[in-house]
Amino acid sequence: MVKQLAIDHEKINLLNFDRSGLAEYFVSIGEASYRATQVIQWVHQLGAKNFDVMTNVSKSLRLRLAERCEIRVPELVMDRLSQDGTRKFLLKLSCGNCVETVFIPEEDRGTLCVSSQVGCSLNCTFCSTGSQGYNRDLSTSEIIGQVYLAHHLMATQVKSRPITNIVMMGMGEPLLNFDNVVAAMNLMQDDFAYGISKYRLTLSTAGVVPRIYDLAKVSHVALAISLHAPNDVLRSEIVPLNKKYPIAELMQACQFYFKDAPRRHITMEYVMLKGVNDQPQHARELVQLLRDIHCKVNLIPFNPFPGTKYECSDRLTIERFRDMLMQAGLQTMTRKTRGDDIDAACGQLAGEFTDRTKRSAKLAKIAIQAQ
Ligand code: SAH
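**Q** Looking at this model, I keep getting lost on the overall build of the chain. Mind explaining?
**A** Of regular secondary structure, the chain possesses 13 helices and 14 strands. Its C-alpha atoms give the chain a radius of gyration of 21 Å, within 12% of the compact-globule value 21 Å for 371 residues. Along the three orthogonal principal directions, the C-alpha set of the chain runs to about 70 × 50 × 40 Å. Counting the 371 residues in the chain, one finds 53% classified as buried. Sequence-distant contacts in the chain: of pairs separated by 6 or more residues, those separated by 24 or more amount to 66%. Of the charged side chains in the chain, 44 are positive and 39 negative; the average position of the first set lies 2 Å away from that of the second.

Shown next as structure tokens:
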């Protein structure tokens, strides 16, 4: 693994390691594993950019680290503030592509929405990221680099914690970049890094079923499922991944995920698309489907983007839908749209990158033909 990381760039980027990975690396170069804790704290909590400042680390190790390793974060190229306080960061990666990260401040919390891939390969029909195509997975350093940058930009003192919650709901499908996402989430939770509790760290997935079982083995973070439809016909239309992993399999995986923590619930995300999935019959089907799943439902008003064929359901339709779920005993809330004036709302993240799938070009051609 260490060898592979070195090919990536001449020097080994320490941001690619979680604590156990760094301990393994130190042991491999003949150093004590406990050094990993010190270095992780210097890098993530104290924002050290070089090794000279790491005064509790032996001089010889500092010299070796300076020779072989580096602390490299993506470059911040844009920092936009919405009228509602939402902040969007555009980060440039060493390959030249850019990804987006969003900070959403609320009275009692500050949530960072983190990207896991450059683009997304899943092509959900209502998502702007999907229509932009896919380029590649982010490395651990590029995922945790988003937290590092946002934290150090916003923390006014060493001990201040502007980020209290993290959601893996930015660009990409986190479960299709499993190892890098898990390592980055380990760092997010590490008390010597960002100390986010497993209750305040949420991974959102379109439903990569086998990876939900894998995740249950290595982590107990909160899980959100992008459900969006109560039956396979409709879901396969708007979340094409459903053809591979249909709803029944997904629900089984959900039941398995928290089987050892029966008090914890899964969040079912449901984007409200006018005339598509927002009718009373859909609400009734959803109630049936979720009858035996310990979950909460999060209704998300659809955020439009250029070229989309969808519209957001009316306020009254959303209210009626929510009331039907609530009356049937499903805990339901409607997500407040934040940051849409700077295209930072759910599903609006697009970044700037080369689409390797050529999907964006195909869609543009179709749009021109339709005019
Ligand atoms: N791939 C993951 C994470 C990224 S999407 C997933 O599918 O869960 C994060 C959330 O934003 C998902 O619930 C997604 O369905 C929702 N979303 C995507 N596009 C949206 C849009 N245009 N309006 C509102 N929500 C959207």
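More follows now that the structure is in view.
**Q** What should I look at first to understand the site of the ligand in this one?
**A** In the neighbourhood of the ligand, 20 residues make up the surrounding shell, with Phe 126, Ser 204, Ser 226, His 228 and Asn 303 lying closest. Ser 226 places a side-chain nitrogen or oxygen 2.6 Å from an oxygen atom of the ligand. Within the backbone of Asn 303, a nitrogen or oxygen atom sits 2.9 Å from a nitrogen atom of the ligand. Here the ligand, which alone exposes 540 Å², has 95% of that area covered by the protein. Breaking the shell around the ligand down by element, the ones donating at least two residues are strand 10 (201-205), strand 12 (266-272) and strand 13 (295-301). Split by residue class, the shell around the ligand holds 10 nonpolar, 8 polar and 2 charged.

**Q** Even after reading the chapter, I still don't get the packing of helix 11 (residues 280-290) against helix 12 (residues 315-327), so can you show me in this structure?
**A** Helix-helix packing is characterised by the crossing angle of the two axes and by the distance between the axes. With their axes 9 Å apart at the nearest point, helix 11 and helix 12 run at an angle of 30 degrees to one another. Taken together, the axes of helix 11 and helix 12 are roughly parallel relative to one another. At the point where helix 11 passes helix 12, the crossing takes the right-handed sense. For the pair formed by helix 11 and helix 12, the contact residues are Pro 280, His 282, Ala 283, Arg 284, Leu 286 and Val 287 on the first element and Arg 320, Phe 321, Met 324 and Leu 325 on the second. Of the residues contributing to the contact of helix 11 with helix 12, the split by class is 7 nonpolar, 1 polar and 2 charged.

**Q** What is the right way to read the sheet that holds strand 10 from this model?
**A** The strands that make up a sheet are held in pairs by hydrogen bonds between backbone atoms, and each pair lies either parallel or antiparallel. The 10 strands lie next to each other as 3-4-5-6-9-10-11-12-13-14, forming an open sheet whose pairing is mixed. In the strand order of this sheet, the two ends are held by strand 3 (75-81) and strand 14 (331-334), each with one partner. Averaged over all pairs of adjacent strands, the angle between strand axes in this sheet comes to 20 degrees, irrespective of strand direction. Judged from the 4 bridges that link them, strand 13 and strand 14 form a sheet pairing that is parallel. The residue of strand 14 that forms the bridge with Leu 299 is Thr 334. Here helix 10 (residues 247-257) sits on the sheet in contact with strand 11 (222-226) and strand 12, set at roughly 145 degrees to strand 12.

**Q** Got a minute to help me understand the domain arrangement of the chain in this structure?
**A** When the parts of a complex come together, some accessible area is lost, and that lost area is often taken as the interface size. Here the chain is described as being made up of domain 1 (12-70) and domain 2 (75-370). The distance between the C-alpha centroids of domain 1 and domain 2 comes to 33 Å. At the junction of the two partners, domain 1 supplies 16 residues and domain 2 supplies 18 residues. When residues of domain 1 are sorted by the area they lose upon contact with domain 2, Leu 15, His 44 and Gln 45 head the list and together hold 42% of the total. Residues Arg 19 and Asp 190 are paired through a salt bridge, measuring 2.8 Å at the closest nitrogen-oxygen approach. For the side of domain 1 that touches domain 2, the residue count by class is 6 nonpolar, 7 polar and 3 charged.

The rules behind the values
Residues numbered from 1 in each chain as written. Predicted model: local features only at pLDDT ≥ 70, side-chain atom pairs only at ≥ 80, totals over all residues. Heavy atoms only, no water. Helix = DSSP H or I, 4+ residues; strand = E, 2+ residues; numbered from the N terminus. Rg over C-alpha atoms; globule rule 2.2 N^0.38 Å. Buried < 20%, exposed > 50% of the residue type's maximum accessible area, 1.4 Å probe, protein only. Contact = heavy atoms within 4.5 Å. Lys, Arg positive; Asp, Glu negative; His and termini not counted. Charge placed at Lys NZ, Arg CZ, Asp CG, Glu CD. Near = heavy atom within 4 Å. Polar contact = N/O pair within 3.5 Å; in protein donor to acceptor, adjacent residues only side chain to side chain. Areas by Shrake-Rupley, 256 points an atom, 1.4 Å probe, with all protein chains shown as cover. Nonpolar A, V, L, I, M, F, W, Y, C, P; charged D, E, K, R; others polar. Axes fitted to C-alpha atoms, helices over the stretch in contact; angles between N-to-C directions. Parallel < 35°, antiparallel > 145°, perpendicular 65-115°, else oblique. Left-handed = near helix turned anticlockwise from the far one by under 90°. Pairing = 2+ DSSP bridges. Domains from an automatic or database assignment. Buried area = accessible area lost by both parts, 1.4 Å probe. Salt bridge = Lys/Arg side-chain N within 4 Å of Asp/Glu carboxyl O.

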